[in-house]
Amino acid sequence: MNHKKEMLGLIEQLVNIDSGSNYKKGIDAVAEILLKPFKEMGFKITMQKNKQYGNNIVIQYDEHISTDILLVAHMDTVFPVGTVRDRPFEIKGNRAYGPGIIDMKSSLITLLYAVKALYHHNNDAYKNITIILNGDEEIGSPTSRKLIEEISTTKKYALIMEPARKDGSIVSARRGGGKYILSVKGKAAHSGVSPEEGKSAIEELAHKIIKLQQLNNAQKGISINVGVIEGGDAVNVVPSEAKGMVDVRITSRDQAKYVRKRIEEICSKPDIKGTHITLKGGINRLPLELNQANKKLLHVIQDVADAIGIELKAVHTGGGSDASFPANLGVATVDGLGPVGGGLHNEDEYLEIDSLTERCFLLAETISKLSE
């Protein structure tokens, strides 16, 4: 399976297409490149069309026959239109660089070539998979979550194609989380002439920020971060509006109910009389926990890795992914099965080129093993 040059050529094509989550045209262009080789292998394509975001795609050899294995990969990135123009795909030594190269355009090609390997070696395991390519993972999978969950209910295993960590580890556990938007309305007044008539939305928001930040508990893995605040129109006006954007991370399912309840309690009544609070959002991804089913799947993958000469570790990571959805429906789930790289979501994002064929082989052999 030494198709490294061919794989890199396709990765270059994908990387050089802007496909931020809000750029439907780019995401759909990525899909068009990927679907052609699957069709040539006889796969059936079902497309869930979206007006705002990229289309979600289901790929299966025969849509009328049940499969055991779900593979999920996303086509969107975090980068705005124009990023590719400023820093297109390039190779420096043993690494390739470009927006979204490791998160997760290289994974898309790794997945394609793992399936190709099974197909060309007449290994019928490729008929035992259902693939979901979604276009909105980076913004919480608002249109694809339901699709992933519906298809997950019929599966034994879920292999999620987020990249391996920079040391080569795959992902056995992830934190869950979500986002809230806290909007405050007060009453404007001139800060010099009649400040007593005003009700400061910023002051109210400040009270809420302090209380929300006090929910942090590093020991238990609860993280609350008010990362963006907005408010006010002029320095000499008591502000009538303010907004805070809150990022929430949790480590266990039990924490979701507790954190949700505490945030709602904090925002249920104002500290500054005369202000009004609106809370929107919530926890939309439960954690990927290393339960018994996931441990068993992890051991299968590690046994496959040992057999082909790869030392494979598994780690817990703080970021969320689509792995949460099948895992919390009882499907044995492991993440991080893409190639090795680092610098996710920043301008130094890179792929370790030598990991391409290795992780492709690992994925193909894992699919084969799970299909026995």
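Before reading further, recall that the structure is shown in the block above.
Throughout what follows, the structure given in this document is the object of discussion. Owing to the predicted nature of the structure, the values given are computational and were not obtained by experimental measurement. (Residues numbered from 1 in each chain as written. Predicted model: local features only at pLDDT ≥ 70, side-chain atom pairs only at ≥ 80, totals over all residues. Heavy atoms only, no water.)

1. What to know about the sheet that holds strand 18 (residues 350-352)
Cut-off, in case you're wondering: When DSSP finds two or more bridges between two strands, those strands count as paired. A run of H or I in DSSP becomes a helix once it reaches four residues, and a run of E becomes a strand once it reaches two; helices and strands are each numbered from the N terminus.
In space, the 4 strands of this open sheet follow the order 4-5-18-17, with antiparallel pairing throughout. Lying at the two open borders of the sheet, with one neighbouring strand each, are strand 4 (90-92) and strand 17 (341-342). Sheet topology places strand 17 next to strand 18; 2 bridges connect them, and they run antiparallel. Looking across to strand 18, one finds that Gly-342 is bridged to Tyr-350.

2. A word on the environment of Lys-296
Put simply, the rule reads: Using a 1.4 Å probe on the protein chains alone, a residue whose accessible area is under 20% of its type maximum counts as buried, one over 50% counts as exposed, and one in between counts as partly exposed.
Examined against the element boundaries, Lys-296 turns out to sit in helix 8 (residues 292-307). With relative accessibility at 65%, the residue Lys-296 sits in the exposed group. Through-space distance from the C-alpha of Lys-296 to that of Ala-332 is 8.0 Å; in sequence the pair is 36 residues apart.

3. A few points about the packing of aromatic side chains
Threshold: Only rings of Phe, Tyr and Trp enter the pairing, Trp through its six-membered ring, and a pair is recorded when the two centres are within 6.5 Å. The plane angle decides the type: under 30 degrees is stacked, over 60 is edge-to-face, the rest tilted. For a lysine, the NZ atom is tested; for an arginine, the CZ atom; a charge sits over a ring if that atom is within 6 Å of the ring centre and within 35 degrees of the ring normal.
Scanning the model with the defined rule gives 6 aromatic pairs in all. A ring pair is formed by Tyr-61 and Tyr-126, whose centres lie 5.3 Å apart and whose planes are at 90°; its orientation type is edge-to-face. Of this pair, Tyr-61 sits in the loop between strand 2 (56-60) and strand 3 (69-74) while Tyr-126 sits in the loop between helix 4 (101-120) and strand 6 (129-134), and the two are 65 residues apart along the sequence. The rings of Phe-38, Phe-43, Tyr-61, Tyr-119 and Tyr-126 are connected pair by pair, giving a single aromatic cluster. The side chain of Lys-44 reaches across the aromatic face of Tyr-61, ending 5.9 Å from its centre. We note Lys-92 situated over the ring of Tyr-97; from NZ or CZ to the ring centre the distance is 5.6 Å.

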